[in-house]
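# Report on the structure
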Amino acid sequence: MSEQSTDLREAVRQRYAAAAVRVTESGTSCCGPQPVEVDEHYGSTLYAADERAALPAEAVAASLGCGNPTAVAELRAGERVLDLGSGGGIDVLLSARRVGPTGKAYGLDMTDEMLALALTNAEKAGATNVEFLKGTIESIPLPANTIDVVISNCVINLSVDKPAVFAETFRVLRPGGRIGVSDVVADDTLTPEQRAERGDYVGCIAGALSFAEYRRGLEAAGFTDIEITPTHPVADAMHSALIRAVKPTDATTTAATAVAEGRGGGCGC
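Read on for an overview of the structure. Predicted model only: the values in this text are computed from it and were never measured.

This part covers the overall build of the chain. Counting its secondary structure elements, the chain contains nine helices and eight strands. In the chain, the proportion of contacts linking residues at least 24 apart, taken out of those at least 6 apart, comes to 73%. Element-wise, carbon and sulfur atoms account for 51% of the exposed surface of the chain, whose accessible area totals about 11100 Å².

Here you go:
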């Protein structure tokens, strides 16, 4: 990993660590935990009121996403779900409720402070079918072909190696598995420089892929049935979008491995 990529990853880690600490510390006040995002384009307001009410206040307050992937992932009882960049655990806990006691929801995060907050939130929610893992979304610590659904909420745009994320997502999904992701996506007319002018990297803007780049990246990893649907603007010519795709039932990890090793098509930041 280049020095610049290392610096960007550390900046992202620091931002989310600070957010977790803020929620944890404010949770002890008389007013309860304070939301870490106030921008109308991000955060817990993108979830239905009944969903928010069913979760610990700290899980809701720590929401930093740009959408609600659990609303479009069509989760079913008994499925195994993985949330990339799970933060305070809001999407993991919502997924756990949807898949029920015969299913399981995993959360993957690289930030110790967020993992600690998520574990506390899971305990408060009484969720027994959840597991939180420490690691990066570019190197998922799960075996191949073991997950039914991968979700993520405004995290893939933060990655410094998006081809690796797509390859790893493809690898861990079982054949026939699917993704339901919320992410920031740029109009195809915007250059990387123009995206950077609209916001910084850790604010989910500068690292965003265009619609065409996102599609090419998923295709290079082996995904089919790709749908990228914008939902609301987050900056000029940049959108929160819902991304769906499927791992073919006859798939192998060959295409994904090729991308991860640099042999496949690229879709970097």
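Now that the structure has been shown, we can carry on.
Okay, the packing of aromatic side chains next. For the structure shown, the criterion picks out two aromatic pairs. Between F170 and F223 the ring centres are 5.2 Å apart and the planes differ by 90°, which places this aromatic pair in the edge-to-face class. Within this pair, whereas F170 is found in helix α6 (residues 162-172), its partner F223 is found in the loop between α8 (211-221) and β7 (224-235), the two being separated by 53 residues in sequence. Here F170 and F223 have matching classes, each one buried. In this arrangement the basic side chain of K247 is found over the ring face of F170, its NZ or CZ atom lying 4.8 Å from the centre.

Attention now goes to the pattern of salt bridges. A full pass over the atoms with the stated rule returns nine salt bridges. Measuring nitrogen to oxygen at the nearest pair gives 3.7 Å for the salt bridge that ties R244 to E227. Separated by 17 residues along the polypeptide, R244 in strand β8 (residues 238-246) and E227 in strand β7 bring together distant segments of the chain. Beyond isolated ion pairs, a larger network of salt bridges with shared partners links R76, E79 and R178.

To continue, consider the side chain of E79. Looking at where E79 falls in the secondary structure, it is placed in the loop between α3 (57-61) and β1 (80-84). Overall, E79 belongs to the buried group, its relative accessible area being 7%. Looking at E79, its side chain comes within polar contact range of the main-chain nitrogen of R76, at 2.9 Å. Of the polar contacts made by the side chain of E79, one reaches the side chain of R178; its length is 3.0 Å. What E79 contacts, discounting residues up to four positions off in sequence, is E74, V99, G103, K104, D148, V149 and R178.

With that settled, consider the pairing of strand β4 (residues 147-153). With seven of seven residues buried, β4 lies mostly within the body of the structure. Pairing of β1 with β4, which is carried by four bridges, proceeds in the parallel orientation. Bridge pairing in β4 links D83 to I151. Pairing analysis gives six bridges linking β4 to strand β5 (residues 173-186), with the strands arranged parallel. Looking at β5, one finds that N153 is bridged to S182. Tracing the backbone out of β4, into α6 and back to the parallel element β5 gives a crossover that is right-handed.

Attention now goes to the nonpolar core. Core analysis: the largest hydrophobic core is formed by 32 residues, its most contacted members being L82, I179, Y214, L218, F223 and I243. When residues of this core are traced back to their parent elements, those giving at least two are β1, β2 (104-109), β4, α6, β5, α8, β7 and β8. When sequence neighbours within four positions are dropped, the list of residues in contact with I179 reads V150, T169, L173, L218, F223, I243, R244 and A245. Counting nine residues, the second largest nonpolar core, distinct from the first, contains V92, A96, A105 and A122.

A few words on the packing of α6 against α8. Contact geometry of α6 with α8 gives a least axis separation of 9 Å together with a crossing angle of 45°. It follows from the interaxial angle that α6 and α8 lie oblique. The two elements α6 and α8 cross, and the hand of that crossing is right-handed. Where α6 approaches α8, its residues F166, A167 and F170 are matched on the opposing element by Y214, G217, L218 and A221.

In this structure, E74 takes a positive phi of about 50° despite not being glycine. Using a relative accessible area of 55% as the deciding quantity, one classes E74 as exposed. The phi angle at C154 is positive, at roughly 60°, despite the residue not being glycine. Relative to the assigned elements, C154 resides in the loop between β4 and α6. Assessed through its relative accessible area of 1%, C154 is described here as buried.

Calculation rules
- Residues numbered from 1 in each chain as written.
- Predicted model: local features only at pLDDT ≥ 70, side-chain atom pairs only at ≥ 80, totals over all residues.
- Heavy atoms only, no water.
- Helix = DSSP H or I, 4+ residues; strand = E, 2+ residues; numbered from the N terminus.
- Contact = heavy atoms within 4.5 Å.
- Areas by Shrake-Rupley, 256 points an atom, 1.4 Å probe, with all protein chains shown as cover.
- Phe/Tyr/Trp six-rings, centres within 6.5 Å; stacked < 30°, edge-to-face > 60°.
- Buried < 20%, exposed > 50% of the residue type's maximum accessible area, 1.4 Å probe, protein only.
- Lys NZ or Arg CZ within 6 Å of the ring centre and 35° of its normal.
- Salt bridge = Lys/Arg side-chain N within 4 Å of Asp/Glu carboxyl O.
- Polar contact = N/O pair within 3.5 Å; in protein donor to acceptor, adjacent residues only side chain to side chain.
- Pairing = 2+ DSSP bridges.
- Right-handed = clockwise from strand over helix to strand, strands pointing away.
- Core = buried A, V, L, I, M, F, W, Y, C linked by side-chain atoms within 4.5 Å.
- Axes fitted to C-alpha atoms, helices over the stretch in contact; angles between N-to-C directions.
- Parallel < 35°, antiparallel > 145°, perpendicular 65-115°, else oblique.
- Left-handed = near helix turned anticlockwise from the far one by under 90°.

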